[in-house]
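# Geometric and topological summary
Below, each chain spelled out in residue letters.
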Amino acid sequence: MKFTFVTLFQNIVEGYFEDSILKRAIQKNILCIEYINPRDFSSSKHNKVDDTAVGGGAGMVMNPQPLYDVLNELKTKDKDVHLIFLTPVAKPFRQNDAKRLAKKNHIAFVSGRYEGIDERVIEKYADEVFSIGDYILTGGELASLVICDAVSRNVSGVLGNSDSLSIESFENELLEAPSFSKPKNYENNCVPSEYLKGNHSKIRSLKLALSECKTKFFRPEQLLKHRTRKSYEK
Ligand code: ADE
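Computed from a prediction, not measured in an experiment: that's the story for all the values here. The residue numbering used here restarts from 1 in each chain and proceeds along that chain's sequence as written. This being a predicted model, a pLDDT of at least 70 is required before a residue's local features are given, and a value of 80 or more before pairs of side-chain atoms are given or counted; all residues contribute to the totals for chains, interfaces and linings. To obtain the side-chain values, all non-hydrogen atoms of the structure were included, while hydrogens and water were left out.

### Quick notes on the environment of P220
Stated precisely, the cut-off is as follows: Helix and strand assignments follow DSSP, with helices taken as H or I runs no shorter than four residues and strands as E runs no shorter than two, numbered in order from the N terminus. Relative accessibility decides the category of a residue: with a 1.4 Å probe and only protein chains considered, values under 20% of the type maximum give buried, values over 50% give exposed, and everything between is partly exposed.
As for its position among the elements, P220 is in helix 9 (residues 220–233). Looking at P220, the relative accessible area reads 46%, which means it is partly exposed. Separated by 46 residues in the primary sequence, P220 and L174 place their C-alpha atoms 9.6 Å from one another.

Right under this line is the structure:
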């Protein structure tokens, strides 16, 4: 699977792949990463990529010309490239998006800096627009990495053990049950005794109960969703 990062700040993105599980996937040619800097496509004298906002407003907005040229070229080279824009003004990115997008062959992330990207670029080129949360980052690069990471671990071969994908938080709306490692007793704090007895059906029920507890505490709306779905399935 190929990821293209359209960004003015390749350094920010690049560093992530130098030391992560994704590095191994890149070495094994399961993932391939490409960078494109819109500045290299600017037709202005000083390779300008931004300007003040028409109609007023603070900050600089990324001009359409360099991005139109980048994205035209990308689409010409690969008509099936899936173009994702990152902005806080968008639908929230979720685990089911990560799973769905893992089936694509080529995703390009377009990151805005400054006050954002000229809306005409988004209107013309975006296949999808995502926000990673209700807060404002200084640019879309971190958001594109978050999505790239969440998508990549659903690409076959990226994680060593695909079991770890099947029982994760959000797979069934619930947050995952707590995990414990060794030793069984650490500074007088023991792991739940049921985990030690080897009765897998009992362990499963306990994990479900703990998972519901965690969800009720941290994300009550998710528990409601889970229960509603379950009652429809009956
Ligand atoms: N760019 C700035 N803030 C963002 C956010 N919350 N999500 C995606 N892109 C962004």
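The structure having been displayed, the exposition proceeds.
### A closer look at the domain arrangement of the protein chain
Note the cut-off: Each domain span listed reflects an automatic or database assignment of domains.
Segmentation of the protein chain into domains returns domain 1 (2–152) and domain 2 (167–233). Computed over C-alpha atoms only, the centres of domain 1 and domain 2 are separated by 36 Å.

### Some words on unusual backbone geometry
Between K182 and P183 the backbone carries a cis peptide bond, its omega angle lying at 0 degrees. Looking at the element boundaries, P183 is found in the loop between helix 7 (163–166) and strand 8 (185–186). Notably, E173 is not glycine yet its phi reads approximately 70 degrees, a positive angle. Note on placement: E173 falls in the loop between helix 7 and strand 8. Positioned with a positive phi, E187 is a non-glycine residue whose angle comes to about 50 degrees. Mapping E187 onto the fold places it in the loop between strand 8 and strand 9 (189–190).

### With respect to the packing of helix 8 (residues 200–218) against helix 9
Under the convention used in this document: A fitted line through C-alpha atoms represents every axis, and for helices the fit uses only the stretch in contact; the resulting angles, taken between N-to-C directions, go from 0 to 180 degrees. If an angle is under 35 degrees, it is roughly parallel; if it is over 145, roughly antiparallel; if it lies from 65 to 115, roughly perpendicular; otherwise it is oblique. Contacts between residues were defined by any pair of non-hydrogen atoms, one from each residue, lying within 4.5 Å.
Relative orientation of the contacting elements helix 8 and helix 9 amounts to 130 degrees, with a least axis distance of 5 Å. Taken as axis vectors, helix 8 and helix 9 run oblique relative to one another. Residues E212, T215, K216, F217 and F218 of helix 8 form the contact with helix 9, whose own contacting residues are P220, Q222, L223, H226 and R227.

### A look at the sheet that holds strand 6 (residues 106–111)
The strands making up a sheet associate through hydrogen bonds between their backbones, and the pairing can be parallel or antiparallel. This is how the line gets drawn: At least two DSSP bridges between two strands are needed for those strands to be called paired.
Reading across from one edge, 2-1-6-5-7 is the order of the five strands in this open sheet, with parallel pairing throughout. The sheet is open, and its two borders are formed by strand 2 (32–36) and strand 7 (128–131), each paired with just one other strand. Taking the axes of each pair of neighbouring strands and ignoring which way they run, one obtains an average angle of 30 degrees across the sheet. Its contacts with the sheet place helix 1 (residues 10–18) against strand 1 (2–6) and strand 2, and it is angled at close to 170 degrees to strand 2. Contacting strand 1, strand 2, strand 5 (82–92) and strand 6, helix 3 (residues 64–77) crosses the sheet at an angle of about 165 degrees to strand 1.

### A few points about the site of the ligand
Rules: A cutoff of 4 Å decides nearness: a residue is near a molecule or strand if any of its heavy atoms lies inside that distance of it. Within 3.5 Å is the distance limit for a polar contact, defined as a pair of N or O atoms, with the added protein rule that one can donate a hydrogen and the other accept it, and that residues adjacent in sequence qualify only through two side-chain atoms. Computed with a 1.4 Å probe, the accessible areas rest on the Shrake-Rupley method; for each residue, only the protein chains presented here act as cover. Any residue that is not Ala, Val, Leu, Ile, Met, Phe, Trp, Tyr, Cys, Pro, Asp, Glu, Lys or Arg is counted as polar, Gly included; the first ten are nonpolar and the last four charged.
Residues in contact with the ligand, as listed here, are L86, T87, P88, F130, S131, I132, G133, Y135, I136, L137, G139 and A143. Measuring from a nitrogen atom of the ligand, one finds a backbone N or O atom of I132 at 3.0 Å. Within the backbone of G133, an N or O atom sits 3.1 Å from a nitrogen atom of the ligand. Contact with the protein chains hides 96% of the accessible area of the ligand, taken as 260 Å² for the molecule alone. Every element with two or more residues in the shell around the ligand is listed here: strand 5 and strand 7. If one sorts the elements of the shell around the ligand by residue count, strand 5 sits on top with three residues. Counted by class, the shell around the ligand contains eight nonpolar, four polar and no charged residues.

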